[in-house]
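# Summary of structural features
Chain residues, written in single-letter form:
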Amino acid sequence: MTPRPLLLVGGGGLAREVLATVRLFPDEWKPVGALDDDPTRHGADLDGLPVLGGSEIVHDVPDAAVLVCIASARRPLGRMNVVRRMDLPQDRYATIVHPAASVPEGAALGPGTVLLAGTVVTTPLRLGAHVVAMPHVLVTHDDEVADGVTFAGRAALGGAVRVGESAYLGQGSCVREGVTIGAGAVVGMGSVVLTDVPAGEVWVGNPARRLREGNGS
């Protein structure tokens with residue numbers, strides 16, 4: 001089987017982590033470059049992968065699959081904003097699961113989703129498109145995860161949690177069963193969420209409380 005060319009959109013730490021995972025599948029994927037809309041990164045080396053230019057280059061390489069590797073608690077909507085701006089068909093997006101992740105038969109992962117090492121999905125459920133789960137994330141029974149959600153390392157959901165589009169759950173955060181995290185909300189690292197978090201707000205602490213309105217973009 002000839003590996004499919006792959007472009008990573010984003011030239012930072014998440015792209016490096018995704019690249020390391022992709023390289024575990026040399027028969028399936030051939031990374032050919034990273035793209036970054038920061039012109040100061042153009043021409044840089046990303047662990048042996050060249051940063052070719054801005055995200056518009058995806059349209060010049062139509063046979064390449066794409067992964068958007070952008071995640072920031074300061075800009076939780078950033079990844080989906082890039083996805084919408086590029087306006088690619090769904091079949092252009094790769095879906096990557098690290099061999100050390102645990103995903104049961106019957107689970108459905110949306111296009112562009114990435115599950116890094118140690119991620120555990122305990123029952124068959126659907127994760128949205130362009131979801132990023134960093135190492136050792138836990139997603140449990142009856143959870144609903146919308147498009148563009150970011151789970152930083154060791155974030156954990158109890159059962160029947162609903163996570164809205166482009167929400168960001170910080171490193172080591174925990175969410176009680178049955179709680180809803182609103183779209184674009186940010187949960188700070190180490191926070192313990194016991195009640196619903198409204199869309200677009202930043203919550204921190206144990207128990208987590210509202211810190212401020214987020215900037216979203």
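Quantities reported herein were computed from a predicted structural model and do not represent experimental measurements.

## Focus: the sheet that holds strand β2 (residues 29-35)
Pairing is mixed across the open sheet formed by 5 strands, whose spatial order is β3-β4-β2-β1-β5. A strand with exactly one partner marks an edge of an open sheet, and here the two such strands are β3 (45-46) and β5 (65-68). Pairing analysis gives 4 bridges linking strand β1 (residues 4-9) to β5, with the strands arranged parallel. In the sheet register, L6 faces β5, and the bridge partner there is A65. Those strands touched by helix α1 (residues 13-22) are β1, β2, β3, β4 (49-53) and β5, and its axis lies near 165 degrees from that of β1. Across the sheet, helix α2 (residues 78-86) lies against β1 and β5, angled at about 150 degrees from β5, the strand it touches most.

## Structural notes on the side chain of T119
Relative to the helices and strands, T119 is located in the loop between β8 (114-115) and β9 (120-121). Within the structure, the side chain of T119 is placed 3.0 Å from the backbone oxygen of L116, a separation counted as a polar contact. Other than its neighbours up to four places away in sequence, T119 contacts A101, S102, A133, M134, H136 and V137.

## Observations concerning the environment of G128
If you trace the backbone, G128 turns up in the loop between β10 (126-127) and β11 (132-133). Classification of G128 by relative accessible area gives buried; the value is 0%. With 51 residues separating them in the primary sequence, G128 and L77 have C-alpha atoms 15 Å apart. Not counting residues within four places of it along the chain, the set of residues in contact with G128 comprises G110, T113, V145, A146 and D147.

## Side note on α2
If you check which residues of α2 are buried, you get G78, R79, M80, V82, V83 and M86. Positive backbone phi, at 55 degrees, marks D87, one or two positions downstream of α2.

Cut-offs used in this document
In this numbering scheme, every chain counts its residues from 1 along its sequence in written order. Local features in this predicted model are restricted to residues whose pLDDT is 70 or higher, and side-chain atom pairs enter the listing and the counts only when it is 80 or higher, whereas totals over whole chains, interfaces and linings include all residues. Think of the side-chain values as coming from all heavy atoms in the structure, minus any hydrogens and water. A pair of strands counts as paired when DSSP detects no fewer than two bridges linking them. Here a helix means four or more residues in a row that DSSP labels H or I, a strand means two or more in a row labelled E, and each is numbered from the N terminus. Contacts: residue pairs with any heavy atoms within 4.5 Å of one another. Note on method: axes are straight lines fitted to C-alpha atoms, helices fitted across the in-contact stretch only, with angles between N-to-C directions ranging 0 to 180 degrees. Here a polar contact is recorded for every N or O atom pair within 3.5 Å, except that within protein the pair must consist of a potential hydrogen donor and a potential acceptor, and residues adjacent in sequence are included only if both atoms are side-chain atoms. Note on exposure labels: buried denotes an accessible area under 20% of the residue type's maximum, exposed denotes more than 50%, and partly exposed covers the range between, all computed with a 1.4 Å probe on protein chains only.

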